[in-house]
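# An overview of the molecular structure
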Amino acid sequence: MASPSAFLRTLIIAALAAVLAFAPAQAQQVMTITTTTVTWTWDDAGNHDGAEFIDEDAALLDDEALAEDAGFASTRRYAPSADLATLGHAKATYGPFSVIDRATVRMAGDVTSATPRQFAAMLAAFPGLQRLEMVDCPGSLDEEANLVLARAIRRAGMETVVPAGGSIRSGAVELWLAGTTRRAAPDAEFGVHSWADEYGREANDYPASDPVHAEYLGYYREMGLNDAKAREFYALTNSTPFDDVRYLTRDDMARFVTLD
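### Here's the deal with the overall build of the protein
Tallying secondary structure elements over the protein gives 12 helices and 9 strands in all. Sorting the 260 residues of the protein into buried and exposed places 36% on the buried side.

### Section: the pattern of salt bridges
Once the charged atoms of two side chains with opposite charge are near each other, the side chains can pair. Under the criterion given, the structure shown has 11 salt bridges. We note a salt bridge from glutamate 133 to arginine 106, for which the minimum N-O separation is 2.5 Å. Here glutamate 133 is found in strand β4 (residues 131–137), whereas its partner arginine 106 is found in strand β3 (residues 104–108), with 27 residues between them in sequence. Accessibility assignment for this pair places glutamate 133 and arginine 106 in one class, buried. Note that arginine 201 is salt-bridged to aspartate 197, the shortest N-O span being 3.2 Å.

### Things to note about the packing of helix α10 (residues 214–222) against helix α11 (residues 227–238)
Relative to each other, α10 and α11 sit at 130°, their axes nearing to 9 Å. Of the possible angle classes, the one that applies to α10 and α11 is oblique. The handedness of the crossing between α10 and α11 is right-handed. Contacts from Tyr216, Leu217, Tyr220 and Arg221 of α10 reach α11 at Asp227, Ala230, Arg231, Phe233 and Tyr234. Tallied by class, residues from the contact of α10 with α11 come to 6 nonpolar, no polar and 3 charged.

### Regarding unusual backbone geometry
Non-glycine residue serine 170 carries a positive phi angle of around 55°. Tracing the sequence through the fold places serine 170 in the loop between β6 (167–169) and α9 (171–177).

### Notes on α10
If you check which residues of α10 are buried, you get Tyr216, Leu217, Tyr219 and Tyr220. Buried residues of α10, viewed axially, fall in a sector of 160°; they line one side. The inward-facing, buried residues of α10 abut α8 (143–155), α9 and α11. Glycine 224 lies just past α10 and shows a positive phi near 110°.

### Some details on the packing of helix α7 (residues 115–125) against α8
The interhelical angle for the contact between α7 and α8, taken along N-to-C directions, is 25°, at an axis separation of 8 Å. Considering their axes alone, α7 and α8 lie roughly parallel with respect to each other. Residues Thr115, Pro116 and Phe119 of α7 form the contact with α8, whose own contacting residues are Ala145, Val148, Leu149, Ala152 and Ile153.

### As for the nonpolar core
Phe97, Met134, Ile168, Trp176, Phe190, Tyr220 and Phe233 are the most contacted members of the largest nonpolar core, which totals 50 residues. Excluding residues within four positions of it along the chain, methionine 134 makes contact with Met107, Val161, Val162, Pro163, Gly166, Ile168, Ala172, Leu175 and Trp176.

### As for the pairing of β3
Burial analysis of β3 places 4 of its 5 residues in the buried class, the great majority of the element. Here 3 bridges tie strand β2 (residues 97–99) to β3, and the two strands are oriented antiparallel to one another. Each residue of the ladder has a partner; that of phenylalanine 97, found in β3, is methionine 107. If you look at the hairpin formed by β2 and β3, you'll find 4 residues sitting between the two strands. Two elements, β3 and β4, share 5 bridges in a ladder whose sense is parallel. Residue pairing in the sheet places alanine 108 in a bridge with aspartate 136 of β4. Handedness of the crossover joining β3 and β4 through α7 is recorded here as right-handed.

### Overview of the confidence of the model for the protein
Of all residues in the protein, 66% have pLDDT values of 70 or greater, and the mean over the chain is 77. The least confident element of the protein, judged by mean pLDDT, is helix α3 (residues 56–59) at 34; the most confident is strand β5 (residues 159–162) at 98. Under a pLDDT of 50 for its full length, residues 1–8 has, in the predicted model, 0 contacts with residues more than four places off or in other chains. The low-confidence segment residues 10–81, where pLDDT is below 50, has 42 contacts with residues more than four positions distant or belonging to other chains.

### Here's the deal with the pairing of strand β7 (residues 181–184)
Side-chain positions along a regular strand alternate between the two faces of the sheet. Only one face of β7 is buried: it carries Arg182 and Ala184, and the other face, with Thr181 and Arg183, is open. Direction of pairing for β5 relative to β7: parallel, over a ladder of 4 bridges. Each bridged residue has a counterpart across the sheet, and for valine 162 the counterpart in β7 is alanine 184.

Cut-off values and rules
Residues numbered from 1 in each chain as written. Predicted model: local features only at pLDDT ≥ 70, side-chain atom pairs only at ≥ 80, totals over all residues. Heavy atoms only, no water. Helix = DSSP H or I, 4+ residues; strand = E, 2+ residues; numbered from the N terminus. Buried < 20%, exposed > 50% of the residue type's maximum accessible area, 1.4 Å probe, protein only. Salt bridge = Lys/Arg side-chain N within 4 Å of Asp/Glu carboxyl O. Axes fitted to C-alpha atoms, helices over the stretch in contact; angles between N-to-C directions. Parallel < 35°, antiparallel > 145°, perpendicular 65-115°, else oblique. Left-handed = near helix turned anticlockwise from the far one by under 90°. Contact = heavy atoms within 4.5 Å. Nonpolar A, V, L, I, M, F, W, Y, C, P; charged D, E, K, R; others polar. Arc of directions from axis to C-beta. Core = buried A, V, L, I, M, F, W, Y, C linked by side-chain atoms within 4.5 Å. Pairing = 2+ DSSP bridges. Right-handed = clockwise from strand over helix to strand, strands pointing away. pLDDT = per-residue confidence, 0-100.

So, in structure tokens, the structure goes:
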């Protein structure tokens, strides 16, 4: 038999249910809005405070989406479709890497935080790889991962090549510099620009004596540039704003490093 207190709770719950059942439509609407706010469910592309709505899926654009953007496409050039089509006939793929044969891997795409692990897995499965062909490489979405990958390429003793019609930009140029030998077709394209930190400050916003520059200069020296060439190349890249690209030719790059 139920206790008096339990019976009283039952009556209270029943009374509340009755009130909610006959509540006016306006009250029900207020409850719906409250639920929406708590669960972070949005009915439109913006909030109600005038601030911009961030669509995370749209913010993480892939390379194809970037290529369709008119402003961004003006700073890009893609390798011939015949070269890119061969990526579909690869023996195996690891992120942006496509293994073509026992000695050759082609790269097309950005470097992310996962790319160094993908590169290591590829070398474990195909230890005879010797040649990295960089077909269409926009750069890096993770600069720290990019430098880790670059040093892994150097340790593996790989040759880096920009084939006919190939285009590498931004951090991908650092990857190409990591080759123990470097090659580039006459029409190879190298796109460079300044780096920017998480606050939007670019290299030239820091004084020349700031330690922030040491990592890049040290990397260039590590990859075989003497101190004068490292500083000259670093200054050249930083002469172009982060949101723009300066294109260099094979002959331009030959001023700084030996090409085979």
